[in-house]
Amino acid sequence: MQLEKNVQVKQPKYQQIAVDLASKIVERKYRIGDKIYARSSLASQYNVSAETARRAIAVLQDLEIVEATKGSGVIIISYEKAAHFVRQFHDVQSVHELQHELMTSIQKQHQELINLQEKTKQLISRTEHFRSVNPFIPYQLEMTAESPCIHQTVQELNFWQNTSSTIVGIRRQNELLLSPGPYVSLEEGDIIYFIGNDESFARVQSFLYPN
């Protein structure tokens, strides 16, 4: 189940009043044997209906925190049970808050993932468009000792025939050889630059490193 944005978890008003009264007992604002307000006064104090005030008293009575009798009103009878009720209520509130924070975090991560996917799609689309209007952007690949093509020339390798790609440059140490031609050899450490279609990089890599 997903929580809508800005939705807050709240307890019923009568339960909030019951907790507030129990908290006042724990804080010793009320003592054992003290009478608390009549339902009508309680309703006025918390700005609720008399029925809501009655429910709040009923909660405290069910938990044996107060005793309500005809003629005697509502009398406080247990500090310990009031403290237990307050602790229990705050524990439940903490769980609700953690659940809400967790759901908010999940929703945020989900939205960030959607944004990331959208950015990735835009990047791929723009890259493909850029390559389509600029077909001569070269791929590059480094020659290492693992390649069996080391010390062989472009002509000896039949490079274009085997890869459908054209070498347009070779960087060798601090030099860049542009349009090196068919007689240049490929040496260890060379960075070769070549152009071709979308499958060129895979073909050249497979050709230069068949194993």
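Right, let's walk through the structure included here. Just so you know, these numbers come straight off a predicted model, no measurement behind them.

**Examining the pairing of strand S3 (residues 73–76)**
Regular strands have side chains that alternate between both faces of the sheet.
Next up, step 1: With two bridges connecting them, strand S1 (residues 35–36) and S3 associate as antiparallel partners. In the strand pairing of S3, Lys35 is matched with Ile75.
Next up, step 2: Relative to S3, strand S2 (residues 66–69) runs antiparallel, the two sharing four bridges. Paired with Val66 across the bridge in S3 is Ile76.

**With respect to the layout of surface pockets**
Next up, step 1: Here the largest pocket is characterised by a volume of approximately 170 Å³.
Next up, step 2: Where the lining of the largest pocket is concerned, the elements lending two or more residues are helix H5 (159–163) and strand S5 (166–172).
Next up, step 3: If you tally residues by element for the lining of the largest pocket, the top one is H5, at three residues.
Next up, step 4: Partitioning the lining of the largest pocket into residue classes produces six nonpolar, six polar and no charged.

**So, unusual backbone geometry**
Next up, step 1: In the Ramachandran plot, Arg28 falls in the positive-phi region, its phi being about 65° despite a non-glycine side chain.
Next up, step 2: Locating Arg28 in the fold gives a position in the loop between helix H1 (13–26) and S1.
Next up, step 3: The phi dihedral of Asn47 falls on the positive side, at around 60°, and the residue is not glycine.
Next up, step 4: Relative to the assigned elements, Asn47 resides in the loop between helix H2 (39–46) and helix H3 (50–62).
Next up, step 5: According to the relative accessible area criterion, Asn47 is exposed, its value standing at 72%.

**Focus: the packing of aromatic side chains**
Next up, step 1: One pass over the structure, following the stated rule, counts four aromatic pairs.
Next up, step 2: For the ring pair Phe194 and Phe201, a centre distance of 6.5 Å and an interplane angle of 15° mean the geometry is stacked.
Next up, step 3: When its relative accessible area of 0% is taken as the criterion, Phe194 is described as buried.
Next up, step 4: Between the NZ or CZ atom of Arg28 and the centre of the ring of Tyr79, over which it lies, the distance is 3.8 Å.

**Remarks on the side chain of Ser78**
Next up, step 1: Checked against the element boundaries, Ser78 lands in the loop between S3 and helix H4 (79–133).
Next up, step 2: Polar contacts involving the side chain of Ser78 include one to the main-chain amide nitrogen of Lys81, which spans 3.1 Å.
Next up, step 3: Excluding anything up to four places from it in sequence, Ser78 contacts Ile25, Ile32, Glu64 and Ile65.

**Overview of the packing of H1 against H3**
Next up, step 1: One way to put it is that H1 packs onto H3 with a least axis distance of 8 Å and a crossing angle of 55°. With respect to their mutual orientation, H1 and H3 come out oblique. Judged by the sense of rotation from one axis to the other, the crossing of H1 with H3 is right-handed. Across from Lys13, Tyr14, Ile17, Ala18, Leu21 and Ala22 in H1, the residues of H3 making contact are Thr52, Arg55, Ala56, Ile57, Val59 and Leu60.
Next up, step 2: Of the residues in the contact of H1 with H3, the class split is nine nonpolar, one polar and two charged.

**Regarding the pattern of salt bridges**
Pairing of side chains with opposite charge becomes possible as their charged atoms draw close.
Next up, step 1: Per the counting criterion, the structure on display carries seven salt bridges.
Next up, step 2: One salt bridge connects Glu51 with Arg55, and the closest N-O pair in it is separated by 3.3 Å. Here Glu51 pairs with Arg55, and both are found in helix H3, just four residues apart, close to one helical turn.
Next up, step 3: Residues Glu64 and Lys81 are paired through a salt bridge, measuring 2.2 Å at the closest nitrogen-oxygen approach. On the criterion of sequence distance, the pair formed by Glu64 in the loop between H3 and S2 and Lys81 in helix H4 is long-range, its members being 17 residues apart.
Next up, step 4: Under the relative-accessibility criterion, Lys81 is labelled partly exposed at 34%.

Conventions adopted
Residues numbered from 1 in each chain as written. Predicted model: local features only at pLDDT ≥ 70, side-chain atom pairs only at ≥ 80, totals over all residues. Heavy atoms only, no water. Pairing = 2+ DSSP bridges. Helix = DSSP H or I, 4+ residues; strand = E, 2+ residues; numbered from the N terminus. 1 Å grid on protein atoms, 1.4 Å probe; cavity = no way out; pocket = protein on both sides within 12 Å on 5 of 7 lines; lining within 4 Å. Points joined across faces, edges and corners; volume = space filled by probe spheres on them. Nonpolar A, V, L, I, M, F, W, Y, C, P; charged D, E, K, R; others polar. Buried < 20%, exposed > 50% of the residue type's maximum accessible area, 1.4 Å probe, protein only. Phe/Tyr/Trp six-rings, centres within 6.5 Å; stacked < 30°, edge-to-face > 60°. Lys NZ or Arg CZ within 6 Å of the ring centre and 35° of its normal. Polar contact = N/O pair within 3.5 Å; in protein donor to acceptor, adjacent residues only side chain to side chain. Contact = heavy atoms within 4.5 Å. Axes fitted to C-alpha atoms, helices over the stretch in contact; angles between N-to-C directions. Parallel < 35°, antiparallel > 145°, perpendicular 65-115°, else oblique. Left-handed = near helix turned anticlockwise from the far one by under 90°. Salt bridge = Lys/Arg side-chain N within 4 Å of Asp/Glu carboxyl O.

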